[in-house]
Amino acid sequence: MLPGAQQTVVFSPSAAAAIGNTSVTAQATAGLLSHTITVVVTVMTQLPPTMTAHAPIRTRYLRTNSAYDPNSLEFAPPHFAAYDPAHRQFFVSNALLNEIDVFDATTESQIAAIAVPLAWGLDVAPTGDTLYVATLFGDIYTINTSTNSIIQRYPSASIGPQGYAPTEVFVLADGRLALLGGAGGLSVDGSASVVVWDPQTNSLDSGTPNPTEPFFPGTVCPNIQNIGAFAVSGDRTHVLAATIDSGGGVLPVCSYDPIAKKAAFSKYVSDTFVRQIIPSPDGSRFFLTSNLDGVLVFNVATVALIGQIPGPASDVSGVPGLPNAAGGAVMSLDGKTLYLVDQSFGSVAAFDTTSLTLRNWIPAFKISDTQDFLVIAAVDETGLILGPMGHGVGFIDAAVTTAATLAGPLAVTPSTGPESGGTQLQIANLYVTPANDPGTPLLYVGASAASNVEVSPSPNSNSATNQITATTPASVFPGPVDISAIFNNNAVAIAPEAFSYGPTILEVVPNAATAEGGTTGAVVGYGFGQNTTGLQVSVGGKNAPVTQLYPAAPYSPYPFPVETLLFTIPPGTAGSSVDLTVFTPTGITTSSGVFHYAAPVTNFPISANLQAGFYDAKRDLYFFSDTSKIQVLSRKSGWQTPISLPGTTSTSTLLAITESPDNSLLAVSDLHGQAIYVLNPDSPSSAQRFAVPSFANFTPIGPAGLAVTNTGKIYFDAVDLGGTGTPAFYKLDTLAGTFTSLGTLQSGGALDAASRVLLSSDGTRVYSEVEGEAFWLDTATDTVHSSISTASNSGGYSDLALSADGSTLVTNDDLTDSSLNAISVPAYIDWETWLPSPTYGQKLYSDGSVLVQPLTDGIDLISRNTGRLLYRVQLPITVAQVYDPVVPATNVGVYGIITAAGVSFVDLSALPISPSVRNPFSQEISQHTDPSHPNSMPLSYPHPHLLMRYDLSNPKALGAPPTSSSGHGFFFAQGMACIRGSPILCLFPTFPPSLHNHAPCSGAGLRLVSNQHRY
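Now for a description of the structure that goes with this document. These numbers were taken from a predicted model, which means no experiment stands behind them. (Residues numbered from 1 in each chain as written. Predicted model: local features only at pLDDT ≥ 70, side-chain atom pairs only at ≥ 80, totals over all residues. Heavy atoms only, no water.)

This next bit is on the overall build of the chain. Looking only at helices and strands, the chain features four helices and 78 strands. Going through the 1015 residues of the chain one by one, you find that 60% of them count as buried. Put simply, 57% of the contacts in the chain that link residues at least 6 apart link residues at least 24 apart. Surface exposure of the chain reaches about 35800 Å², of which carbon and sulfur atoms provide 53%. (Helix = DSSP H or I, 4+ residues; strand = E, 2+ residues; numbered from the N terminus. Buried < 20%, exposed > 50% of the residue type's maximum accessible area, 1.4 Å probe, protein only. Contact = heavy atoms within 4.5 Å. Areas by Shrake-Rupley, 256 points an atom, 1.4 Å probe, with all protein chains shown as cover.)

Given below as structure tokens:
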């Protein structure tokens, strides 16, 4: 062997080898040099499916159903991954699915998923027993690393004397926590503050407050504007920060000593954007990656610039550096090697941290995704490097080097074949550096080598694409496997889950329907083929005719050959859970008990323009607002005589309708008639009309959402019918006939017509949301309180719902407690958003445990505690696009649905709900509480730490027009796969014109808010 070269040694156990672990020792000798290494080898009777799906190397890709966005992920990447050496496991935030994914470093397989809503910044305590998590809500969680279970939750409202909402957290040597506040404006704008918090005393070291903004916290690094890079020193004695801007601030690099309460500052070599701080384990230095200056090395104590790895614009003659900016970085646990990702190509380089020179390149790979290369984030003691990548995580092996920089992604056809093997594969491989001839690769289909592998160059002489042909081996297990190519120079190319032995079901969604059947079902999976020939589906043993096959995801790039099969749901028995089977030319697969049947729908037709309704349990009647009258329905005897109202006109538009908690008063708003009506349901002729006065005697105001108390006080949202800028929240005293403006929020005009006002069952609190700002009012004092952590859609059109027990609300798609402290958010896998078209009318189960999200042709049931989809129920009706089409009925799970033809009742109570889903959120996660700390702030002082997040706008935005890019008619909106304020992929939807009646803003649904910026 030549010096520096590598050689692969392959060994296999004999048929008589003992099952279990054994040690293998290898010795290499060259002259007087001799090196020995011992590795542990596990001998099994048969590889499990999780190990047969990947090539037998440490470089691999695992799908987690997340979606990471390169526009944010490669610029000041958060600390979204952490390694736990005590238990040899990696933690990775999966904010899209409200969880932390846990991976075993030995098997490189996922071993757990910890439910943490909008998990983001991670840090393993130096004791190794606790993982600290900061969320995009601004809460902090602690996790037991031995059991991977939650120890405690610290809500953002309880952090510090006035609350603080961090998105990243690091543990200091003295047990205090260094916190980075939420970003302002766009996530790439950086944060305004870094603080140090003591969880034991709840004291907050926030430096010197800004005297011009008394409610804005200070920061321990006051010379820095828009903080992006954030870390603590390796010995955890200093807090490190740098601006995200190009030369932003006077001295844009900071090191803060939290014991001495003293900060030191420094500058860059030149004005350039900086990315990430990587501290050395000994605590003496930190490495700062940048756009143009490569990597700058600073002394932790003095912040003196002591070294540099040159970048593309550096003028360091004769010193090899990075050809492009670093899109991710991590340091080996011994501190000797710094690994950097070349942002332009995704190549990974290893640099000596003493000489600051290039050692070698590490075999990395690309996939077909928006975030197509690995953003390295954590490393173990063996050199296994992990990081997020597209819709999952990737592993690369730093113990292996390559002369070439990178091999491009693989495109594989066909995507399915029988378990017996013999399928002829055609593989296109874009090789980034064709000058380094990769030769014929070792090609793996899962963990088994393919046969008959041949490589031919592209017919286009200017193309770097190689054409590879191969034959699949037989497989022990059905299901999806990777296609992996290992080239002679150790370069690796991977197509994750690109081939399926037979069909694979990823998810049945919808997974429920009413018993009459006849609606459309869908199966998402692999291996269904490219057309419907030979495809069959059975549900509960009954034929379910296949109606359509979508052979790809509805947008590109997408890393997996996901297919969606549509079928007609057969009739079934209410309360039953049945099997679903897919038959294809290459195999058969069954999901047991996966499909559920609810009771048939009952219909009450009427010719009316119903907008909203409520159930009066005292009278066992349903009341609905019509254009100028109130319709009354009894489920026992049908429609009753409607209630006429005095003073309605041709312009009247009855909208919100509600009743007082004691059922003595009914109130309804007349938006364009500019009036509120109040009556006793037992004597409808008692109805009174209260004309809403114009603002400043000239601007017309129309009432929208409203709530009425037992004493006749009505709280309502006002819509500026002539424009914007008028006060938006009022109280009507029906006894005195007086109107009072409350709070300081302003109407956004006609967009606020969809606003809601809700009253708690005990009458003590009123909830509403205006222009994206959620708030609650104390009816005893009429004091208005804003939310510290809920999102803003900054423009109205949001739903609002309150559970009957008052424990839970949903506002701006945030699930909150009774004080509007955010606790969770709906979390859809992207393919769960491809077909449905949601609409208004969100509701909550009476105990708050389940969110009811109406669709135009169905209902989603979503767990409050996890945000995950429990059921998608397909309905044989079309939900009307009206103010509030869903009315909770007599029992849990029963709802009246307004349709164009009248009202239909849906009974979902037969769908099984796990007892764990019904647990209160406070029982699932213990909260740090201190009654001396406010849970909210007066509305006149918006909380400075309100998290900027990319908002879903509302789940109604999910229903977009059919996309043309994919060549089929999917209704999809990737906005439901969008996490606010995080480096998560946001593919924004187009708003349904019929629902929103306004043109989408730039990005089609980007709504951001901070104390300084509103977009």
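Paired through their backbone hydrogen bonds, the strands of a sheet run either parallel or antiparallel. Here four strands make up an open sheet; going across it, the order is 4-5-6-7 and the pairing antiparallel. The open sheet has two edge strands with one neighbour each: strand 4 (81-84) and strand 7 (109-115). When the angles between neighbouring strand axes are averaged without regard to direction, this sheet yields 25°. Taken together, the four bridges between strand 4 and strand 5 (residues 89-94) define a ladder with antiparallel strand orientation. Paired with A81 across the strands is V92, a residue of strand 5. (Pairing = 2+ DSSP bridges. Axes fitted to C-alpha atoms, helices over the stretch in contact; angles between N-to-C directions.)

Another point: the nonpolar core. Counting 79 residues, the largest nonpolar core has F90, I100, L131, V133, Y339, I376 and I396 as the members making the most contacts within it. Beyond its immediate sequence surroundings of up to four residues, Y339 is in contact with G328, A329, V330, S332, V348, A349, A350, I362, I376, I385 and A398. The next biggest cluster of nonpolar side chains, apart from the first, holds 37 residues, and it includes A612, V632, I676 and L679. (Core = buried A, V, L, I, M, F, W, Y, C linked by side-chain atoms within 4.5 Å.)

The next thing to look at is the sheet that holds strand 72 (residues 850-855). Across the sheet, which stays open at both edges, the nine strands sit in the order 44-43-47-48-41-74-73-72-71 with mixed pairing between neighbours. Lying at the two open borders of the sheet, with one neighbouring strand each, are strand 44 (542-543) and strand 71 (843-844). Here strand 41 (residues 512-514) runs beside strand 48 (residues 587-598); their pairing, made up of three bridges, is parallel. Bridging across to strand 48, A513 finds its partner in Y597.

What follows is about the packing of aromatic side chains. This model, assessed by the stated rule, comprises 23 aromatic pairs. On the basis of an interplanar angle of 85° and a centroid distance of 5.2 Å, the ring pair of F499 and Y501 is categorised as edge-to-face. Exposure remark for F499: the relative accessible area of 0% places this residue in the buried category. Measuring from ring centre to ring centre gives 5.6 Å for Y558 and W834, while their planes differ by 70°; the resulting arrangement is edge-to-face. Placement of Y558 in the loop between strand 45 (546-550) and strand 46 (563-568) and of W834 in the loop between strand 70 (822-824) and strand 71 is noted, with a sequence separation of 276 residues between them. With a relative accessible area of 1%, W834 lands in the buried category. Ring pairs connect the aromatic residues Y61, Y555, Y558, F560 and W834, which therefore count as one cluster. Stacked on the ring of Y883, the Lys or Arg R756 has its end atom at 4.5 Å from the ring centre. (Phe/Tyr/Trp six-rings, centres within 6.5 Å; stacked < 30°, edge-to-face > 60°. Lys NZ or Arg CZ within 6 Å of the ring centre and 35° of its normal.)

Moving on to the pairing of strand 47 (residues 577-584). As judged from the four bridges shared by strand 43 (residues 536-539) and strand 47, these two strands associate in the antiparallel manner. Within the sheet, the bridge partner assigned to V539 lies in strand 47 and is L580. The hairpin turn running from strand 47 into strand 48, its antiparallel successor, is two residues long.

Right, let's talk about the environment of G502 for a bit. In this fold, G502 is placed in the loop between strand 39 (492-501) and strand 40 (504-508). Judged by relative accessible area, which is 4%, G502 ranks as buried. It is 5.4 Å that separates the C-alpha atoms of G502 and P418, two residues lying 84 residues apart in sequence. Setting aside residues up to four positions removed in sequence, G502 forms contacts with T416, G417, Y526, G527 and T586.

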